[in-house]
Amino acid sequence: MEQELYCRGVKLNPSPEYLGELRDSSNILSDADALKARMDEEGYLFFPGLIEREKVLKARREILLKYATIGEIDSINHDVMDSILQKKSFIGNVNLVAFTESIRRGAAYEDLTEDIRIMNVYEKLLGGPVRTFEFKWPRFVRPGEGTGIHSDNIYVTGGTQNVWTTWIPIGDVALEEGPIVLLEKSHKSPKLTTYWGKDADKDKVGWLSENPTGVQKSIGGRWLTGNFKAGDILCFDVRLVHASLDNRSSVNRCRLTSDTRYQLQSDPLDERWYGGNLNPHGGQMKVFLPGMARQVGNRKFEEEWKPVDEFGRLDISAVNPERLVTEE
Ligand SMILES: O=C(O)CCC(=O)C(=O)O
Ligand SMILES: [Fe+2]
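Procedures and definitions
Residue numbers here run from 1 along each chain, matching the order of that chain's written sequence. Naming scheme: in the order in which they are written, chains are lettered from A and ligands are numbered from 1. pLDDT decides what is reported in this predicted model: residues at 70 or higher carry local features, side-chain atom pairs at 80 or more are listed and counted, and totals for whole chains, interfaces and linings draw on all residues regardless. With hydrogens and water set aside, each side-chain value is computed from the structure's full complement of heavy atoms. Being paired, for any two strands, means DSSP has found at least two bridges between them. A helix here means a DSSP run of H or I that spans at least four residues, while a strand means a run of E at least two residues long, and both kinds are numbered starting from the N terminus. Each axis is a line fitted through C-alpha atoms, taken for helices only over the stretch in contact, and angles between the N-to-C directions span 0 to 180 degrees. Note on terminology: near, applied to a residue and a molecule or strand, indicates that one of the residue's heavy atoms is within 4 Å of it. Two N or O atoms count as a polar contact when they lie within 3.5 Å, although within protein this holds only if one can serve as hydrogen donor and the other as acceptor, and sequence-adjacent residues are included solely when both atoms are side-chain atoms. Per-residue accessibility takes into account occlusion by the displayed protein chains alone, with areas from the Shrake-Rupley method and a 1.4 Å probe. Residues are grouped as follows: Ala, Val, Leu, Ile, Met, Phe, Trp, Tyr, Cys and Pro are nonpolar; Asp, Glu, Lys and Arg are charged; all remaining types, including Gly, are polar. Donor atoms (N, O, S) are those found within 2.8 Å of the metal centre, with the cutoff raised to 3.2 Å for Na, K and Ca; water is not part of the atom list, so apparent gaps in a site can occur. Here the term buried applies to any residue with accessible area under 20% of the maximum for its type, exposed to any over 50%, and partly exposed to those in between, with areas from a 1.4 Å probe on protein chains only. Positive: Lys, Arg. Negative: Asp, Glu. His and the chain ends are not part of the count. Here, a salt bridge means any Lys or Arg side-chain nitrogen found within 4 Å of an Asp or Glu carboxyl oxygen. Whether two residues are in contact is decided by their heavy atoms, any of which lying within 4.5 Å being enough. The definition of a nonpolar core used throughout is a set of buried Ala, Val, Leu, Ile, Met, Phe, Trp, Tyr and Cys residues joined through side-chain atoms within 4.5 Å. Here the arc refers to the set of directions running from the helix axis out to each C-beta atom.

An unreviewed UniProt entry annotates the chain as Protein involved in biosynthesis of mitomycin antibiotics/polyketide fumonisin originating from Gynuella sunshinyii YC6258.

The subject of this paragraph is the sheet that holds strand 8 (residues 180-183). The 4 strands lie next to each other as 3-9-8-11, forming an open sheet whose pairing is mixed. The two strands at the open ends of the sheet, each matched to only one other strand, are strand 3 (19-21) and strand 11 (242-244). Within this sheet the neighbouring strands show an average axis-to-axis angle of 30°, counted without direction. Both strand 8 and strand 11 contribute to a ladder of 3 bridges, which runs antiparallel. Paired with I180 across the bridge in strand 11 is S244.

Another point: the site of ligand 1. Looking at ligand 1, there are 14 residues lining it, with T147, D152, W167, R255 and R261 nearest. At 2.8 Å from an oxygen atom of ligand 1 is found a side-chain nitrogen or oxygen belonging to W167. H242 places a side-chain nitrogen or oxygen 3.0 Å from an oxygen atom of ligand 1. Summarising the interface, the protein chains cover 100% of the accessible area of ligand 1, which totals 290 Å² for the free molecule. Among the elements of the structure, strand 7 (163-169), strand 11 and strand 12 (255-264) are those that each provide at least two residues to the shell around ligand 1. If you tally residues by element for the shell around ligand 1, the top one is strand 12, at 4 residues. Split into classes, the residues belonging to the shell around ligand 1 amount to 3 nonpolar, 6 polar and 5 charged.

Only H150 (NE2), D152 (OD) and H242 (NE2) from the protein reach the iron ion (ligand 2) as donors, at distances of 2.1 Å. Along the chain, the residues that donate to the iron ion (ligand 2) are spaced as H-x1-D-x89-H. Overall, the relative accessible area of 5% leaves H150 in the buried class. Residue D152 is classed as buried on the basis of its relative accessible area, which comes to 3%.

Position of R255 among the secondary structure elements: in strand 12. The buried charged residue R255 lacks any salt bridge, with D259 as its nearest oppositely charged partner at 6.0 Å. Within the structure, R255 has its side chain in polar contact with the backbone oxygen of G178 (distance 3.0 Å). Excluding residues that lie within four positions of it along the chain, R255 makes contacts with R139, F140, V141, T147, W167, V173, E177, G178, S244 and N247.

Moving on, we come to the side chain of D270. As for its placement among the helices and strands, D270 is situated in the loop between strand 12 and strand 13 (286-288). A polar contact of 2.8 Å, which involves the side chain of D270, links it to the backbone nitrogen of G158. Residues in contact with D270, not counting those within four places in the same chain, are F133, Y155, V156, T157, G158 and G159.

Turning our eyes to something else, we now look at the nonpolar core. Y67, I73, L96, Y122, I170 and C235 are the most contacted members of the largest nonpolar core, which has 54 residues in total. Every residue in contact with Y67, bar those within four places of it in the chain, is listed here: E72, I73, F99, I103 and F140. Counting residues in each nonpolar core, the second largest holds 30 residues, with C7, F135, L183 and W273 among its members.

What follows is about helix 5 (residues 116-126). Among the residues making up helix 5, those that are buried are I118, M119, V121, Y122, L125 and L126. Projection of helix 5 onto a plane perpendicular to its axis shows the buried side chains occupying an angular sector of 155°, all on one side. Where helix 5 starts, the residue carrying a side-chain oxygen 2.7 Å from the main-chain nitrogen of R117 turns out to be D115. Immediately beyond the C-terminal end of helix 5, within one or two residues, lies G127, with a positive phi of roughly 80°.

Here you go:
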């Protein structure tokens, strides 16, 4: 890959022993045994163009219009679908409990995350009827932002270990916008057994590391990513180590993607992710709202779960004041 890629502000080594592209598994889509073997071996299954573009773009419009409504996206000077960050935002003044729920429960978004073709992959892989977690993790990632290095199992396996993640670009996501990166074969690393034995809430675990090259040195494997298109579907093992590239869009385009979890209907549920639970990680009322940090290292605002007040409003004291519309 020719472009310079960064994760947590660290430049990834571009040589082919350290950086690669995802393998396309479309040709084994209908072969359950081959899917199981590939997932076991590689820790992920990538299906470019599995879903029709129009269906994905419908969800994109549904979500971006909501972000435009709260002043995060500029839909006046740009097409809302371009997802260009608005200079001034009203995000400090709105009820984010209602806002984030309206996104998670949007009809087009739900339709996408429960698409029959995704469900079919998991039915083949798991050998029975499957369901998606009620809670969903749509991600709106502004320039300068990204996701830390982690495995999902420490967050989502409170019911059963047999849980799988699907990452969906909701629109085209180019390398410079900061798509997901997977650490090749890390789902089999003996070095991670202690980390995987933890629960993010009970054991108060943060990101695995802030250093993508250090993790790579210690665990091995290439970082795998690519230029994603609307319609691509990426399924992976919840132990597989991953993060996102930093969004370094030259045109202030925000990255819109989703991560959702799937399991057998017959397995026990992780109750944190069902019903109207507003405090899945315990404590004060919070909303899932990654990003917004005024500066890197602003711990309070780097948390993906942000505290809100009794009106569902963000504590804006940590947000860059230049981005907020304030009363004159
Ligand atoms: O999209 C991202 O930034 C992170 C995705 C992720 O952590 C996941 O899909 O589990
Ligand atoms: Fe994740």
